[in-house]
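# Chain and residue survey
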Amino acid sequence: MAYIRRLSADGWDLYIRLDRDDVARLDLREGQEIALDVGGKVRIRGVVRATGEASWLAPCRGESNLDISRQLKAVGFMPGDDMPSRVVEVGPT
């Protein structure tokens with residue numbers, strides 16, 4: 001499951017929070033690059049961040065949170081959308 005959330009309370013930049021159970025079940029590791037198919041609408045590439053309270057998808061090197069936000073908004077996702085998702089590629093840690 002991909003949880004679409006706002007980066008800050010006063011902004012509209014979006015990010016993807018990952019379910020910790022999914023991260024564990026798929027044996028994903030901190031710093032591992034993945035591609036995530038979100039709701040069958042868009043494929044987002046990023047890096048798993050699994051430290052702290054919540055796991056999330058960080059931008060790949062050379063990209064930004066704004067890039068992820070633009071991709072999500074381009075297909076109509078809004079903060080609070082909880083979308084079925086699947087990992088379609090797994091790269092190195």
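Residues numbered from 1 in each chain as written. Predicted model: local features only at pLDDT ≥ 70, side-chain atom pairs only at ≥ 80, totals over all residues. Heavy atoms only, no water.

When helices and strands are tallied, the protein shows two helices and seven strands. Starting at the N terminus and ending at the C terminus, the protein contains elements arranged as β-β-α-β-β-β-α-β-β. Taken over C-alpha atoms, the radius of gyration comes to 12 Å for the protein, in line with the 12 Å a tight globule of 93 residues would show. Along the first, second and third principal axes, the C-alpha set of the protein runs to 30 × 25 × 25 Å. When each of the 93 residues of the protein is scored for burial, the buried share is 34%. When contacts within the protein are restricted to residue pairs at least 6 apart in sequence, those whose partners lie at least 24 apart make up 57%. For the protein, the exposed surface amounts to about 5400 Å²; the carbon and sulfur share of it is 47%. Of note, the protein has its 14 positive side-chain charges centred 2 Å away from the centre of its 15 negative side-chain charges. (Helix = DSSP H or I, 4+ residues; strand = E, 2+ residues; numbered from the N terminus. Rg over C-alpha atoms; globule rule 2.2 N^0.38 Å. Buried < 20%, exposed > 50% of the residue type's maximum accessible area, 1.4 Å probe, protein only. Contact = heavy atoms within 4.5 Å. Areas by Shrake-Rupley, 256 points an atom, 1.4 Å probe, with all protein chains shown as cover. Lys, Arg positive; Asp, Glu negative; His and termini not counted. Charge placed at Lys NZ, Arg CZ, Asp CG, Glu CD.)

What follows covers the pairing of strand β4 (residues 42–49). Examined bridge by bridge, strand β3 (residues 33–38) and β4 share six bridges and lie antiparallel to one another. Bridging from a neighbouring strand, A35 pairs with R45 of β4. Counted between consecutive antiparallel strands, the loop separating β3 from β4 contains three residues, among which G39 sits at a positive phi close to 60 degrees. In textbook terms, the turn of a hairpin is the stretch between consecutive antiparallel strands, and for β4 and strand β5 (residues 55–58) this stretch comprises five residues, one of which, G52, has a positive phi near 90 degrees. (Pairing = 2+ DSSP bridges.)

With respect to the helices, strands and loops of the structure, S55 is situated in strand β5. Spatially, the C-alpha atom of S55 lies 5.9 Å from that of R17, the residues being 38 residues apart in sequence. With residues near it in sequence (within four places) discarded, S55 still touches R17, L18, R20, V23, R49 and A50. Reaching out from S55, the side chain makes a polar contact with the side chain of R20 at a distance of 2.7 Å. (Polar contact = N/O pair within 3.5 Å; in protein donor to acceptor, adjacent residues only side chain to side chain.)

In this section: the sheet that holds strand β2 (residues 14–18). Reading across from one edge, β6-β1-β2-β5-β4-β3-β7 is the order of the seven strands in this open sheet, with antiparallel pairing throughout. This sheet does not close on itself; its edge strands, each paired only once, are β6 (82–83) and β7 (85–90). In this structure, β3 lies alongside β7, joined through five bridges in antiparallel fashion. Bridge pairing in β7 places A35 opposite E89.

Below, the discussion takes up the packing of aromatic side chains. According to the stated counting rule, one finds one aromatic pair in the structure shown. Aromatic side chains Y15 and W56 sit 6.4 Å apart centroid to centroid with 85 degrees between the ring planes, which places their arrangement in the edge-to-face category. Of this pair, Y15 sits in strand β2 while W56 is found in strand β5, placing the two residues 41 residues apart along the sequence. Directly above the aromatic system of Y3 lies the positively charged group of R17, at a separation of 4.5 Å from the ring centroid. (Phe/Tyr/Trp six-rings, centres within 6.5 Å; stacked < 30°, edge-to-face > 60°. Lys NZ or Arg CZ within 6 Å of the ring centre and 35° of its normal.)

Keep in mind these values describe shape, not function.
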